[in-house]
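Here's the letter readout for the chains.
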Amino acid sequence: MTKSLSAELWPDVQPDAARRLMLAGVESFAQRGYHATTTRDIATKAGMSPAALYVHFPSKAALLFAISRSGHQQALDLVRTAAESADAPVDAMREIVERFVAWHARRHTIARVVQYEIGALPDEEYRVVAELRRDIERIVQDLVLAGERSGDFTVSDARIAARAVLSLGVDVARWYTERSRTSPDELGARYGELALRMLGADPTRSSS
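The notes below deal with the structure included here. The structure displayed is predicted, hence computed values, not measured ones.

### Quick notes on the overall build of the chain
Working step 1: Of the regular secondary structure elements, the chain holds ten helices and zero strands.
Working step 2: Scanning the chain from its N terminus toward the C terminus, one meets helices and strands in the order α-α-α-α-α-α-α-α-α-α.
Working step 3: On C-alpha atoms alone, the chain measures out to a radius of gyration of 18 Å, which is about the 17 Å that the 2.2 N^0.38 rule sets for 208 residues.
Working step 4: In terms of its C-alpha atoms, the chain occupies a principal-axis envelope of roughly 60 × 35 × 30 Å.
Working step 5: Residues classed as buried in the chain amount to 49% of the 208 residues present.
Working step 6: Here the chain has roughly 10400 Å² of accessible surface; of this, 48% comes from carbon and sulfur atoms.
Working step 7: Side chains of the chain give 27 positive and 28 negative charges; the mean places of these two sets differ by 6 Å.

Quick look at the structure:
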């Protein structure tokens, strides 16, 4: 990942050294896992001395928190925007899944750390990130309920259905690589159809 990418991913993070450490943290956690990664590993990958990390982050856990909170906030903003992009539940759900899946494919390294290292966060930081996850889930669940009321969706449990829809996107980060034959946008489109079928909707029919 390049310097320009780090600025794109974390435009509000300053200075650039902090962004470099976040990139190094993402790469290190993705390669070794959080617990097997040392602060020296991160600093070395960022081209800094081990002591330099503590200038910007008080601990390895604080670095993971910054990465995780940012990633979840980006996902929440994406889901909220997608949900507001269409009035009909079918169209809004398709948009959510397409964007959510494409994001997890395009940013699969970051997404893998954000989604699968959440258990390593200290309790207080975990609660902050968990609330962001609940916000994402609530948006999708509310849309499932709206689809039930409109007759577009047929599910037995809206909360479980919402989690299942989101799990489709989250799992993409586990297996997707640059060698995958399907582009992020193509994958998003295919998953959008799968999600609608899972919810009992006809993906070939637009509700708009």
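Once you've had a look at it, read on.
### Notes on the environment of Ala146
Working step 1: Among the secondary structure elements, Ala146 is positioned in helix H8 (residues 123-150).
Working step 2: Judged by relative accessible area, Ala146 falls into the partly exposed class, the value being 21%.
Working step 3: The spacing of Ala146 and Ala158 is twelve residues in sequence and 9.9 Å in space, taken between C-alpha atoms.

### Observations concerning the environment of Arg32
Working step 1: By the element assignment, Arg32 lies in helix H2 (residues 16-32).
Working step 2: Given a relative accessible area of 41%, Arg32 falls into the partly exposed group.
Working step 3: Those residues in contact with Arg32 that lie beyond four places of it in its chain are Thr37 and Asp41.

### Observations regarding the side chain of Lys60
Working step 1: Among the structural elements, Lys60 can be located in helix H5 (residues 60-83).
Working step 2: Asp41 provides the closest opposite charge to the buried, salt-bridge-free Lys60, at an N-O distance of 7.7 Å.

### Focus: the packing of aromatic side chains
Working step 1: This structure, assessed with the given rule, holds two aromatic pairs.
Working step 2: Arranged with centres 5.3 Å apart and planes meeting at 55 degrees, the rings of Phe29 and Tyr34 form a pair that is tilted. The pair formed by Phe29 and Tyr34 is uniform in burial state, with each residue classed as buried.
Working step 3: Relative to Tyr176, the ring of Trp175 lies with its centre 5.8 Å away and its plane at 55 degrees, an arrangement referred to as tilted.
Working step 4: Classification of Tyr176 as buried rests on a relative accessible area of 7%.
Working step 5: Just above the ring of Tyr34 sits the side chain of Lys60; from NZ or CZ to the centre is 4.2 Å.

### Side note on the nonpolar core
Working step 1: Residues Val79, Met93, Val140, Val144 and Leu199 are the most contacted members of the largest nonpolar core, which totals 38 residues.
Working step 2: Contributing elements (two or more residues each) for this core: H5, helix H6 (89-106), H8, helix H9 (158-175) and helix H10 (184-198).
Working step 3: Per-element accounting of this core gives the leading share, nine residues, to H6.
Working step 4: Those residues within four positions of Val140 in sequence are excluded, and the remaining contacts are Val79, Met93, Ile96, Ala162, Val165 and Leu166.
Working step 5: Counting 27 residues, the second largest nonpolar core, distinct from the first, contains Met48, Leu63, Ile110 and Val114.

### Here's the deal with the pattern of salt bridges
Close approach of charged atoms allows side chains with opposite charge to pair.
Working step 1: All chains considered together, the criterion is met by ten salt bridges.
Working step 2: Between Arg159 and Glu137 there is a salt bridge, and its shortest N-O distance comes to 3.7 Å. With Arg159 in helix H9 and Glu137 in helix H8, this residue pair connects regions lying 22 residues apart in the sequence.
Working step 3: Assessed through its relative accessible area of 15%, Glu137 is described here as buried.
Working step 4: Ionic contacts of the salt-bridge type, sharing partners, join the residues Glu131, Arg134, Asp135 and Arg138 into one network.

### Regarding the packing of H5 against helix H7 (residues 108-116)
Working step 1: Closest axis-to-axis distance for the H5/H7 pair is 9 Å, and the angle between their directions is 105 degrees. Viewed along their axes, H5 and H7 adopt a mutual orientation that is roughly perpendicular. Contacts between H5 and H7 involve Leu64, Ile67, Ser68, Gly71 and His72 from the former and Val113, Val114 and Gln115 from the latter.
Working step 2: Split by residue class, the contact of H5 with H7 holds four nonpolar, four polar and no charged.

Definitions and limits used
- Residues numbered from 1 in each chain as written.
- Predicted model: local features only at pLDDT ≥ 70, side-chain atom pairs only at ≥ 80, totals over all residues.
- Heavy atoms only, no water.
- Helix = DSSP H or I, 4+ residues; strand = E, 2+ residues; numbered from the N terminus.
- Rg over C-alpha atoms; globule rule 2.2 N^0.38 Å.
- Buried < 20%, exposed > 50% of the residue type's maximum accessible area, 1.4 Å probe, protein only.
- Areas by Shrake-Rupley, 256 points an atom, 1.4 Å probe, with all protein chains shown as cover.
- Lys, Arg positive; Asp, Glu negative; His and termini not counted.
- Charge placed at Lys NZ, Arg CZ, Asp CG, Glu CD.
- Contact = heavy atoms within 4.5 Å.
- Salt bridge = Lys/Arg side-chain N within 4 Å of Asp/Glu carboxyl O.
- Phe/Tyr/Trp six-rings, centres within 6.5 Å; stacked < 30°, edge-to-face > 60°.
- Lys NZ or Arg CZ within 6 Å of the ring centre and 35° of its normal.
- Core = buried A, V, L, I, M, F, W, Y, C linked by side-chain atoms within 4.5 Å.
- Axes fitted to C-alpha atoms, helices over the stretch in contact; angles between N-to-C directions.
- Parallel < 35°, antiparallel > 145°, perpendicular 65-115°, else oblique.
- Nonpolar A, V, L, I, M, F, W, Y, C, P; charged D, E, K, R; others polar.

In short, geometric facts, not functional conclusions.
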